[in-house]
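# Summary of the model geometry
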Amino acid sequence: RKEVEQDPGPFNVPEGATVAFNCTYSNSASQSFFWYRQDCRKEPKLLMSVYSSGNEDGRFTAQLNRASQYISLLIRDSKLSDSATYLCVVNPLYNFNKFYFGSGTKLNVKP
Amino acid sequence: GAGVSQSPSNKVTEKGKDVELRCDPISGHTALYWYRQSLGQGLEFLIYFQGNSAPDKSGLPSDRFSAERTGGSVSTLTIQRTQQEDSAVYLCASSNRGAGANVLTFGAGSRLTVL
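The notes below deal with the structure included here. Remember, it's a predicted structure, so these values are computed and weren't measured experimentally. All residue numbers refer to position in the chain's written sequence, counted from 1. The lettering of chains begins at A and the numbering of ligands begins at 1, in the order of writing. Where local features are concerned, this predicted model is filtered to residues with pLDDT of at least 70; where side-chain atom pairs are given and counted, the filter is 80 or more; whole-chain, interface and lining totals use all residues. The side-chain quantities take in all heavy atoms of the structure and omit both hydrogens and water.

### Observations concerning the overall build of chain B
Numbering of helices and strands runs from the N terminus; a helix is a DSSP stretch of H or I covering at least four residues, while a strand is a stretch of E covering at least two. Counting its secondary structure elements, chain B contains 0 helices and 11 strands. Taken from the N to the C terminus, the helices and strands of chain B come in the order β-β-β-β-β-β-β-β-β-β-β. By its C-alpha atoms, chain B is 45 × 25 × 25 Å across when sized along the principal axes. Each residue is placed in one exposure class: buried if its accessible area under a 1.4 Å probe, protein chains only, is under 20% of its type's maximum, exposed if it is over 50%, and partly exposed if it falls in between. Within the span of chain B, comprising 115 residues, buried residues form 45% of the whole. Contacts are assigned to residue pairs that have any heavy atoms within 4.5 Å of one another. Taking contacts inside chain B between residues at least 6 apart in sequence as the whole, the part at least 24 apart equals 53%.

Written out as C-alpha coordinates, the structure reads:
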(Lines give C-alpha, C1' and ligand atoms only; values in the text may rest on other atoms or scores of the structure.)
Protein backbone atom coordinates (compact mmCIF):
# COMPACT_ATOMS: atom_id res chain seq x y z
CA ARG A 1 0.00 0.00 0.00
CA LYS A 2 1.28 3.47 -0.86
CA GLU A 3 2.07 5.85 1.98
CA VAL A 4 -0.01 8.60 0.38
CA GLU A 5 -2.84 8.18 -2.12
CA GLN A 6 -4.66 10.74 -4.19
CA ASP A 7 -7.28 10.64 -6.91
CA PRO A 8 -5.33 11.59 -10.05
CA GLY A 9 -8.35 13.32 -11.63
CA PRO A 10 -8.53 15.31 -13.75
CA PHE A 11 -11.13 17.44 -12.08
CA ASN A 12 -12.67 19.66 -14.76
CA VAL A 13 -14.62 22.52 -13.22
CA PRO A 14 -15.98 25.86 -14.47
CA GLU A 15 -14.67 29.15 -13.19
CA GLY A 16 -16.28 30.10 -9.91
CA ALA A 17 -16.92 26.52 -8.84
CA THR A 18 -15.96 25.04 -5.51
CA VAL A 19 -13.82 21.92 -5.71
CA ALA A 20 -12.40 19.61 -3.06
CA PHE A 21 -9.61 17.05 -3.12
CA ASN A 22 -8.90 14.37 -0.57
CA CYS A 23 -5.68 12.59 0.20
CA THR A 24 -5.33 9.52 2.41
CA TYR A 25 -2.19 8.48 4.28
CA SER A 26 -1.39 5.06 5.64
CA ASN A 27 0.69 5.74 8.75
CA SER A 28 -1.13 7.06 11.79
CA ALA A 29 2.18 8.33 13.20
CA SER A 30 2.40 11.00 10.55
CA GLN A 31 3.34 14.39 11.91
CA SER A 32 3.15 17.16 9.33
CA PHE A 33 1.02 17.58 6.25
CA PHE A 34 1.25 19.88 3.28
CA TRP A 35 -0.39 20.74 -0.01
CA TYR A 36 1.94 21.66 -2.85
CA ARG A 37 0.96 23.03 -6.24
CA GLN A 38 2.82 22.05 -9.39
CA ASP A 39 2.28 23.84 -12.68
CA CYS A 40 3.07 22.08 -15.94
CA ARG A 41 6.85 21.71 -16.41
CA LYS A 42 7.54 23.62 -13.18
CA GLU A 43 8.74 22.66 -9.72
CA PRO A 44 6.32 21.98 -6.84
CA LYS A 45 5.62 25.01 -4.67
CA LEU A 46 4.20 25.04 -1.19
CA LEU A 47 0.55 26.01 -1.21
CA MET A 48 -0.15 25.56 2.47
CA SER A 49 0.69 23.53 5.51
CA VAL A 50 -2.19 21.65 7.09
CA TYR A 51 -2.75 22.15 10.79
CA SER A 52 -4.71 19.94 13.14
CA SER A 53 -7.36 22.59 13.68
CA GLY A 54 -7.72 23.23 9.97
CA ASN A 55 -6.58 26.39 8.29
CA GLU A 56 -7.66 28.81 5.63
CA ASP A 57 -5.75 31.04 3.24
CA GLY A 58 -8.02 33.16 1.13
CA ARG A 59 -10.00 30.86 -1.14
CA PHE A 60 -8.14 27.77 0.06
CA THR A 61 -9.08 25.69 3.11
CA ALA A 62 -7.15 22.68 4.35
CA GLN A 63 -8.50 20.15 6.82
CA LEU A 64 -6.92 17.23 8.66
CA ASN A 65 -8.87 14.22 9.90
CA ARG A 66 -6.49 12.11 11.98
CA ALA A 67 -9.12 9.53 12.92
CA SER A 68 -9.79 8.68 9.27
CA GLN A 69 -6.24 9.52 8.15
CA TYR A 70 -7.01 11.95 5.40
CA ILE A 71 -6.41 15.55 4.55
CA SER A 72 -8.48 17.69 2.25
CA LEU A 73 -8.10 20.83 0.20
CA LEU A 74 -11.09 22.99 -0.67
CA ILE A 75 -10.84 25.67 -3.32
CA ARG A 76 -13.67 28.19 -3.50
CA ASP A 77 -14.47 30.49 -6.43
CA SER A 78 -12.05 28.68 -8.75
CA LYS A 79 -9.92 30.80 -11.08
CA LEU A 80 -8.39 29.82 -14.39
CA SER A 81 -5.02 30.29 -12.71
CA ASP A 82 -5.84 27.53 -10.21
CA SER A 83 -5.36 24.97 -12.99
CA ALA A 84 -2.44 22.83 -11.83
CA THR A 85 -1.59 19.53 -10.18
CA TYR A 86 -2.02 19.49 -6.40
CA LEU A 87 0.34 17.27 -4.44
CA CYS A 88 -0.36 15.95 -0.98
CA VAL A 89 2.76 15.55 1.17
CA VAL A 90 3.14 13.76 4.48
CA ASN A 91 6.10 13.98 6.86
CA PRO A 92 6.07 11.13 9.39
CA LEU A 93 6.84 11.45 13.08
CA TYR A 94 8.88 8.25 13.01
CA ASN A 95 11.19 9.63 10.32
CA PHE A 96 11.35 13.38 10.35
CA ASN A 97 13.66 13.39 7.34
CA LYS A 98 11.26 11.59 5.06
CA PHE A 99 8.59 13.20 2.90
CA TYR A 100 5.99 11.07 1.18
CA PHE A 101 4.41 12.57 -1.92
CA GLY A 102 1.11 11.65 -3.45
CA SER A 103 1.06 11.31 -7.22
CA GLY A 104 -1.04 14.46 -7.49
CA THR A 105 -4.55 15.51 -8.45
CA LYS A 106 -4.92 17.44 -11.67
CA LEU A 107 -7.32 20.38 -11.72
CA ASN A 108 -8.53 22.06 -14.91
CA VAL A 109 -10.57 25.21 -14.43
CA LYS A 110 -12.48 26.08 -17.60
CA PRO A 111 -13.86 29.47 -18.68
CA GLY B 1 20.83 32.48 -1.73
CA ALA B 2 17.21 33.48 -1.79
CA GLY B 3 16.05 30.23 -3.30
CA VAL B 4 17.27 26.80 -4.34
CA SER B 5 19.39 27.12 -7.45
CA GLN B 6 19.97 24.25 -9.89
CA SER B 7 22.18 23.98 -12.93
CA PRO B 8 22.10 23.27 -15.75
CA SER B 9 18.43 23.95 -16.35
CA ASN B 10 18.55 21.77 -19.44
CA LYS B 11 21.03 19.10 -20.46
CA VAL B 12 20.99 16.99 -23.59
CA THR B 13 23.51 14.19 -23.70
CA GLU B 14 24.26 11.06 -25.63
CA LYS B 15 23.70 7.62 -24.21
CA GLY B 16 26.79 6.42 -22.35
CA LYS B 17 28.05 9.86 -21.33
CA ASP B 18 28.39 11.02 -17.75
CA VAL B 19 26.47 14.04 -16.46
CA GLU B 20 26.72 16.19 -13.36
CA LEU B 21 23.82 18.15 -11.95
CA ARG B 22 24.35 20.82 -9.36
CA CYS B 23 22.19 22.11 -6.53
CA ASP B 24 22.81 25.16 -4.38
CA PRO B 25 20.34 25.10 -1.46
CA ILE B 26 18.91 27.98 0.50
CA SER B 27 21.59 29.41 2.76
CA GLY B 28 21.45 27.82 6.20
CA HIS B 29 19.31 24.87 5.15
CA THR B 30 20.96 21.76 6.55
CA ALA B 31 18.82 19.17 4.79
CA LEU B 32 19.02 18.61 1.03
CA TYR B 33 17.02 16.22 -1.10
CA TRP B 34 17.19 14.98 -4.68
CA TYR B 35 14.08 13.79 -6.49
CA ARG B 36 13.42 12.65 -10.03
CA GLN B 37 10.26 13.24 -12.01
CA SER B 38 9.65 11.52 -15.31
CA LEU B 39 7.16 13.02 -17.75
CA GLY B 40 3.64 12.81 -16.37
CA GLN B 41 4.75 10.95 -13.28
CA GLY B 42 5.02 11.69 -9.58
CA LEU B 43 8.15 12.55 -7.63
CA GLU B 44 10.64 9.75 -7.03
CA PHE B 45 12.93 10.17 -4.00
CA LEU B 46 16.61 9.62 -4.75
CA ILE B 47 18.77 10.69 -1.80
CA TYR B 48 18.76 12.86 1.31
CA PHE B 49 21.66 14.75 2.91
CA GLN B 50 21.91 16.08 6.42
CA GLY B 51 24.95 18.31 6.37
CA ASN B 52 27.54 16.49 4.28
CA SER B 53 26.40 13.00 5.13
CA ALA B 54 23.77 10.98 3.29
CA PRO B 55 21.85 8.88 5.80
CA ASP B 56 19.29 7.84 3.19
CA LYS B 57 20.42 6.78 -0.27
CA SER B 58 17.64 4.27 -0.67
CA GLY B 59 16.16 5.90 -3.75
CA LEU B 60 19.22 5.83 -5.99
CA PRO B 61 18.10 3.53 -8.85
CA SER B 62 21.47 1.97 -9.62
CA ASP B 63 25.19 2.26 -8.90
CA ARG B 64 25.47 4.58 -11.90
CA PHE B 65 23.94 7.26 -9.68
CA SER B 66 25.93 8.99 -6.95
CA ALA B 67 25.75 12.25 -5.07
CA GLU B 68 27.89 14.26 -2.76
CA ARG B 69 27.58 17.41 -0.75
CA THR B 70 30.45 19.57 0.38
CA GLY B 71 30.69 22.30 3.01
CA GLY B 72 27.14 21.58 4.05
CA SER B 73 26.01 23.49 1.02
CA VAL B 74 26.31 22.65 -2.69
CA SER B 75 25.42 19.15 -3.84
CA THR B 76 26.27 17.36 -7.06
CA LEU B 77 24.31 14.45 -8.50
CA THR B 78 26.35 12.40 -10.95
CA ILE B 79 24.93 9.93 -13.42
CA GLN B 80 27.49 7.73 -15.13
CA ARG B 81 26.99 5.98 -18.47
CA THR B 82 23.60 7.59 -18.97
CA GLN B 83 20.74 5.56 -20.40
CA GLN B 84 17.61 6.77 -22.16
CA GLU B 85 15.49 5.82 -19.14
CA ASP B 86 17.46 8.39 -17.11
CA SER B 87 15.68 11.14 -19.04
CA ALA B 88 13.66 13.11 -16.49
CA VAL B 89 13.59 16.32 -14.50
CA TYR B 90 15.91 16.14 -11.52
CA LEU B 91 14.62 18.28 -8.66
CA CYS B 92 16.58 19.42 -5.65
CA ALA B 93 14.93 20.63 -2.46
CA SER B 94 16.21 21.94 0.83
CA SER B 95 14.68 22.41 4.25
CA ASN B 96 15.48 24.04 7.55
CA ARG B 97 14.54 21.62 10.24
CA GLY B 98 15.28 24.09 12.96
CA ALA B 99 12.41 26.53 12.85
CA GLY B 100 8.75 25.65 12.69
CA ALA B 101 7.49 22.97 10.34
CA ASN B 102 9.90 20.96 8.28
CA VAL B 103 9.05 22.47 4.87
CA LEU B 104 10.66 21.60 1.55
CA THR B 105 11.55 24.31 -0.96
CA PHE B 106 12.32 23.12 -4.48
CA GLY B 107 14.63 24.40 -7.16
CA ALA B 108 13.44 24.79 -10.74
CA GLY B 109 14.99 21.47 -11.71
CA SER B 110 17.45 20.17 -14.27
CA ARG B 111 15.79 18.64 -17.32
CA LEU B 112 17.94 15.78 -18.60
CA THR B 113 17.42 14.29 -22.05
CA VAL B 114 19.46 11.26 -23.03
CA LEU B 115 19.49 10.59 -26.76
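### A look at the packing of aromatic side chains
The geometry of two aromatic rings is summed up by the distance between their centres and the angle between their planes. Stacked, tilted and edge-to-face pairs are distinguished by plane angle, under 30 degrees for stacked and over 60 for edge-to-face with tilted covering the rest, among Phe, Tyr and Trp rings (Trp via its six-membered ring) whose centres lie within 6.5 Å. Under the criterion given, the structure shown has 14 aromatic pairs over all chains. Seen in terms of ring centroids, Tyr35 of chain B and Phe106 of chain B are 5.8 Å apart; in terms of plane orientation they differ by 50 degrees. Their pairing is tilted. A residue pair is termed long-range when its members are at least 10 positions apart, and Tyr35 of chain B in strand 4 (residues 31–37) and Phe106 of chain B in strand 10 (residues 105–106) qualify at 71 residues. Phe106 of chain B matches Tyr35 of chain B in its accessibility class, with the two residues each being buried. Cluster of aromatic residues (ring-pair linked, three or more members): Phe34, Tyr36, Phe99 and Phe101 of chain A together with Tyr33, Tyr35, Phe45, Tyr48 and Phe106 of chain B. Placement of a positive charge over a ring is assigned whenever Lys NZ or Arg CZ falls within 6 Å of the ring centre and within 35 degrees of the normal to the ring plane. Stacked on the ring of Phe45 of chain B, the Lys or Arg Lys98 of chain A has its end atom at 4.1 Å from the ring centre.

### With respect to the pairing of strand 11 (residues 110–114) of chain B
Residue and element names in this part refer to chain B. Side chains Ser110, Leu112 and Val114 project from strand 11 onto a buried face, and the interleaved Arg111 and Thr113 project onto a face without burial. Strands pair, by our definition, only if DSSP identifies at least two bridges between them. Direction of pairing for strand 2 (residues 10–13) relative to strand 11: parallel, over a ladder of 4 bridges. The partner of Asn10 across the bridge, within strand 11, is Arg111.

### Some remarks on the pairing of strand 8 (residues 75–79) of chain B
Residue and element names in this part refer to chain B. Among the 5 residues that make up strand 8, 5 are buried, leaving the element largely enclosed by the rest of the structure. What you see with strand 8 is no split at all: Ser75, Leu77 and Ile79 on one side and Thr76 and Thr78 on the other are buried throughout. Sheet topology places strand 3 (residues 19–24) next to strand 8; 5 bridges connect them, and they run antiparallel. Bridging across to strand 8, Arg22 finds its partner in Thr76. Relative to strand 8, strand 7 (residues 65–69) is paired through 5 bridges, and the arrangement is antiparallel. Bridge pairing in strand 8 places Phe65 opposite Ile79.

### Looking at the sheet that holds strand 3 of chain B
Residue and element names in this part refer to chain B. The strand order 1-3-8-7 describes an open sheet built from 4 strands, whose pairing is antiparallel. Where the open sheet ends on each side, the last strands, each with one partner, are strand 1 (5–7) and strand 7. Between one strand and the next, the sheet's axes are offset by a mean angle of 15 degrees, whatever the strand orientation. Two elements, strand 1 and strand 3, share 3 bridges in a ladder whose sense is antiparallel. Looking at strand 3, one finds that Gln6 is bridged to Cys23. Interaxial angles span 0 to 180 degrees and are taken between N-to-C directions of axes, which are lines fitted to C-alpha atoms, for helices over the stretch in contact.

### A few points about the pattern of salt bridges
Any Lys or Arg side-chain nitrogen located within 4 Å of an Asp or Glu carboxyl oxygen qualifies as a salt bridge. This model, assessed by the stated rule, comprises 7 salt bridges over all chains. Put simply, Asp77 of chain A and Lys79 of chain A hold a salt bridge, and the shortest N to O gap is 2.9 Å. Residue Asp77 of chain A is classed as partly exposed on the basis of its relative accessible area, which comes to 37%. Assessed through its relative accessible area of 32%, Lys79 of chain A is described here as partly exposed. Between Arg36 of chain B and Glu44 of chain B there is a salt bridge, with its nearest N and O atoms 3.0 Å apart.

### Let's talk about the environment of Gln6 of chain A
Residue and element names in this part refer to chain A. One can find Gln6 in strand 1 (residues 4–6). Gln6 sits in the buried class, given a relative accessible area of 9%. Along the chain, Gln6 and Cys88 lie 82 residues apart, while their C-alpha atoms are 7.5 Å from each other. If sequence neighbours within four positions are ignored, Gln6 has contacts with Asn22, Cys23, Trp35, Tyr86, Leu87, Cys88, Gly102, Ser103, Gly104 and Thr105. Within the structure, Gln6 has its side chain in polar contact with the backbone nitrogen of Cys88 (distance 2.9 Å). Within 3.5 Å is the distance limit for a polar contact, defined as a pair of N or O atoms, with the added protein rule that one can donate a hydrogen and the other accept it, and that residues adjacent in sequence qualify only through two side-chain atoms.

In short, geometric facts, not functional conclusions.
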